[in-house]
Structure formats: C-alpha cells, structure tokens
Protein chains: 2
Amino acid sequence: MERAEATGDDCAVLDCPGWGTLLVTTDSVIDGVHARWHVDGPGAFGYKAIARGLSDIAAMAGEPRWAVLAACLPHDVTEEEAQALYAGAERAGCKLVGGDTAFGPTPYAVGTVIGKAHRKGPVLRSGARVGDWIVVTGPLGGSLASGKHKTFVPRVAEARELHETCDLSAMIDVSDGLSTDLHHILRASRVGARVDAAAIPRTEGATLGNALDDGEDYELLATVRPGPLPPFATRIGVVTAKDAILVHPDGREEPLVARGYEHGR
Amino acid sequence: MERAEATGDDCAVLDCPGWGTLLVTTDSVIDGVHARWHVDGPGAFGYKAIARGLSDIAAMAGEPRWAVLAACLPHDVTEEEAQALYAGAERAGCKLVGGDTAFGPTPYAVGTVIGKAHRKGPVLRSGARVGDWIVVTGPLGGSLASGKHKTFVPRVAEARELHETCDLSAMIDVSDGLSTDLHHILRASRVGARVDAAAIPRTEGATLGNALDDGEDYELLATVRPGPLPPFATRIGVVTAKDAILVHPDGREEPLVARGYEHGR
C-alpha cells in the first residue's frame, strides 16, 4: 500500500542528469489519526507534515531542499489558525515553496519534501551486510505518550555525519517501531540480526516493549561496517546471515518479532 | 492562502543547475468537496488529484515527469477500492513514483506532480503585453454539472505546442473560472483586457455566465503575440493597458468581474 515502501526505501529516487539525484517523499498528518487539531493546534499539523518528510530524506542521508504543503482547514478556521499551520510547517526547517489550501470536515496537512541525494549516493534499505553493526541515533519508546511525535527534530545532520564518517550500508527512520523497521532493512537486505536488548537506548520511563514497538521515534536505524562511531550513535546489535534474534541480559534468546505499526491497515 | 499562487504562478519554479528547472505543484481532492467517494468512486480521487497537478504543469508549458500520491482511505475500505484509487492516479498519465497511505474519517487524495520546464523557460502569469491576443484551448462552463471536472484531459500537449509555435507571454489553467483566472493574469501582468463575449467557446448547454464563472474547466487561458494559432486555440479578446471589459454582441460594454472561485474562502 505504501508505494515508496514497495520500492524498499523512504523516498523515491529520481535521476536528474547533470545536477544529481532527487529524493521525494509525501506524508499525511490527519486530525484524530496523527495529531488532534483542537488539542495539539494547527502548528503541530504543519510541523509534523514537513518533519516526517525531512525524516524520510534523512533516512537516505539526503539534503532537504524544498517542501510543498497541501492543507485542509475546517470551515470555521480563523486566520490565526491558518497562519499557525504554515508557521509550523516553516519551523520544521525546509524552504516552503508552494501549496494548496482547501476547506473540509477533517483537517489535515500533507507535506511533500524534495531533497538531493548525497554525492556518495542515497543510502538504501537493501545494503546491510553480515557482520555490520546495527546502530540507532537516540532513545526509543513512548513517543506518542510524551508528545515527541509532534516535536521531534529530524536527524538530517546526524544522517549526513554517519554517511560521511562511517561506512554506512543501510538506513531507515524509526517511524513504525524498531522491531518493524529493523525487519524492513532485514527483508530488503536478505539478512538477519542479533539485537542486544540491554543496549537499546530507551526514553525515560519506556519499557523494552515500548522501545521495540511504539514507533514514531523518528530516530535513525542504520547498519555500518564496524569502526569508530559518532557520539550520538549507539550500537545495539549485529547483522547476521538469517533470523532476527533478541538477546536478553541473562543470555536468553527469543525471536525479534515485528510488533510495530503495519501499513495497509 | 494559496502559496504557489502568492508567487503568481501555478507551480513552484526551482532551479537545478546542470539539469534544468523543476516545476512542483500539490493539489487536494477531498470527499464532499472536490469529488464524492461513494458516488464518483475512488478512481476519480486518484485521477483528479494527479490530473489537477498535470494541468498546473501544463499552465507553465512544462513537461510532467513524476508524481507522488498521499491518500486517506476510509477504515472500511476494500482492497479493490484502494487499488481503484491508485489505478485512477496512474490513468492520469504521469509516472507514479511514491506515496503514503493512511486511514481516516474523510477520504482524500493529494497529488504532487513534479515536472521540468521547457527549454524556452516556464510560462508565467506575469508576461502579458498590451496588444497580445487572449486565447483559450477549449469550451468552458458546466464542468461540475457534466462531470468533466473528474475526467478532463490536462492540456499538456496543447501547452507545449502553443509554447513552441506561438510567442506565448502568459498562461494559466482555468480552474477558478475564466473571469477569475483572467484577473490572475491581468493582476500579475499589470494590464487590462477586452473580451468578446460571443467569441468565448461554450460547452453545449452552457450560458455565458457558466462559461465565465463556473470553473474547473482545466482548459488553458493564454496570451500570445498576434499571429497564426493552432486549431485548438480560440481567440476571445485582446490585452489592453487597463480595466477588464466584456464586450457583448450588440456593442454594449460592461466590466468583466471576477465571479469564479476565490481561494481563502
């Protein structure tokens, strides 16, 4: 159901000979689904619609360039609310170059972000190799409860640093949940993984289950050839030939099952 | 309220040195606003969301390249309905390279179309000159009643032919209504117009008022230096220094007032 995902990556990758490679991604933020208009405010819609796209560009280690925003506002919207939505979109930190505004019963914001791939090329989901380390860029779990899902800072700079200082083989942003997003990499790369449960950085108060399955963390999950890591990157496991295994502190092993958000329902 | 419109054009115009100029536009099709899910069917949502964008690319005489689709499906959607939506989008005739699917109370489709400007450059709204002819590419009026607004063929080929065979000075697609869209050109170009009421091609059964104000025709409205025209282009008036005047067959003149759809309410 998710087209970009069907190709195995977070963004469409489009060749513009003479200039470089375009990365394109589109994301919805719908009232009652991804945020609440009357609770979180219109600014959260604009911000999250663009920030989700920036996180997709980051997942491929690209450089965000431009964004457009299609918004649906409630019929009784005030001028201040409409402006707050656009201000939120601009706060996400990408140049807003166009948009479309309509009025309807359920408010939403759809952000489309266009970026340029790094000169080393885009990082795909399919490049993980046996022996690579599995790393994440920050603590996971409880994003919906804490509100981080509305205020997260897309890991654009961290992605570039990883791509420039490490031998990065695959990457994805943790939107569906670590357990599910890791499987996206494993499936695309036809490999397995052993993940050290104790090594997974957790948001304060988050259980292991939260860190594995909650989703909407918008941290990066990457595989890299073993070597020095930037300080923000935490090693949580290793790529193996097959099967996804979670290793507990007492040595107990269990299958690492994808229990995060599944697209297409 | 409409960002691309604030810059005075149908698409954002973005420079990619070495390759060319990118044109980007995003458009919503919302249940109960632009189409009806249970009456028109999901295919109409996919088709119109992309076709509206193609019409925006045509309005700048660009070449459509890629499209992404963000869709919101009802919770009780069937697999067939979801596939019909994407089939409709693909039927519009632009390569679908990515997307995002969510589920919510009000179905919608948001199409973002990316094109490349013609080597002669994009045609803006701001280039109309005194003495230019005003032309349209087809009959106007009654699009909502006839259903043309869901099945129109974007005038991509006609736009290119006009740009390559005429000295095209300004262009827009007729989405808000001829009377309103002509004012968009006049305002951006700081000129006026005399329009010959009898010369405006009308859809069968459409009144002059329908042809002037209904909107959603998705024909092109352009200004060109006087000269030979392609057979599909009809001359309806001339650009003047100031004021918009409608001239009736009996010689009576009246101000041409923008009575089409106004954005931002």
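Because the structure is predicted, anything quoted here is derived from the model rather than measured.

Draft legend 1. Spatial organisation of the sheet that holds strand S1 (residues 12-16) of chain A. Residues and elements named next belong to chain A. The 5 strands lie next to each other as S1-S2-S5-S3-S4, forming an open sheet whose pairing is mixed. Among the strands making up the open sheet, the edge pair consists of S1 and strand S4 (95-103). For this sheet, the mean angle separating the axes of adjacent strands, direction not counted, is 20 degrees. Direction of pairing for strand S3 (residues 63-73) relative to strand S5 (residues 108-116): antiparallel, over a ladder of 9 bridges. Residue pairing across strands places Leu-69 opposite Gly-111, the latter belonging to S5. Across the sheet, helix H3 (residues 42-59) touches strand S2 (20-30), S3, S4 and S5, and the angle it forms with S2 is around 145 degrees. Across the sheet, helix H4 (residues 79-91) is in contact with S3 and S4; its angle to S3 comes to roughly 160 degrees.

Draft legend 2. Highlighting helix H7 (residues 156-165) of chain B. All names here are of chain B. For H7, the set of buried residues is Glu-158, Ala-159, Leu-162 and His-163. Viewed end-on, H7 has its buried residues packed into an arc of 135 degrees, placing them on one side of the element. Buried residues along H7 sit against helix H3 (42-59), strand S7 (168-173) and strand S9 (220-224).

Draft legend 3. Representation of the sheet that holds strand S11 (residues 244-247) of chain A in the model. Residues and elements named next belong to chain A. Spatially, the 7 strands line up as an open sheet ordered S7-S9-S6-S10-S8-S11-S12, and their pairing is mixed. Bordering the open sheet on either side are strand S7 (168-173) and strand S12 (253-255), each of which pairs with just one other strand. Neighbour to neighbour, the strand axes of the sheet diverge by 25 degrees on average, direction disregarded. Relative to S11, strand S8 (residues 192-196) is paired through 4 bridges, and the arrangement is parallel. Bridged to Arg-194 within S11 is Ile-245. Its contacts with the sheet put H3 on S7 and strand S9 (220-224), and the angle it makes with S7 is roughly 165 degrees. Packed onto the sheet, helix H8 (residues 178-189) meets strand S6 (133-136), S7, S8, S9, strand S10 (234-240) and S11 and runs at close to 140 degrees relative to S7.

Procedures and definitions
- Residues numbered from 1 in each chain as written.
- Chains lettered and ligands numbered in written order.
- Predicted model: local features only at pLDDT ≥ 70, side-chain atom pairs only at ≥ 80, totals over all residues.
- Heavy atoms only, no water.
- Pairing = 2+ DSSP bridges.
- Helix = DSSP H or I, 4+ residues; strand = E, 2+ residues; numbered from the N terminus.
- Axes fitted to C-alpha atoms, helices over the stretch in contact; angles between N-to-C directions.
- Contact = heavy atoms within 4.5 Å.
- Buried < 20%, exposed > 50% of the residue type's maximum accessible area, 1.4 Å probe, protein only.
- Arc of directions from axis to C-beta.

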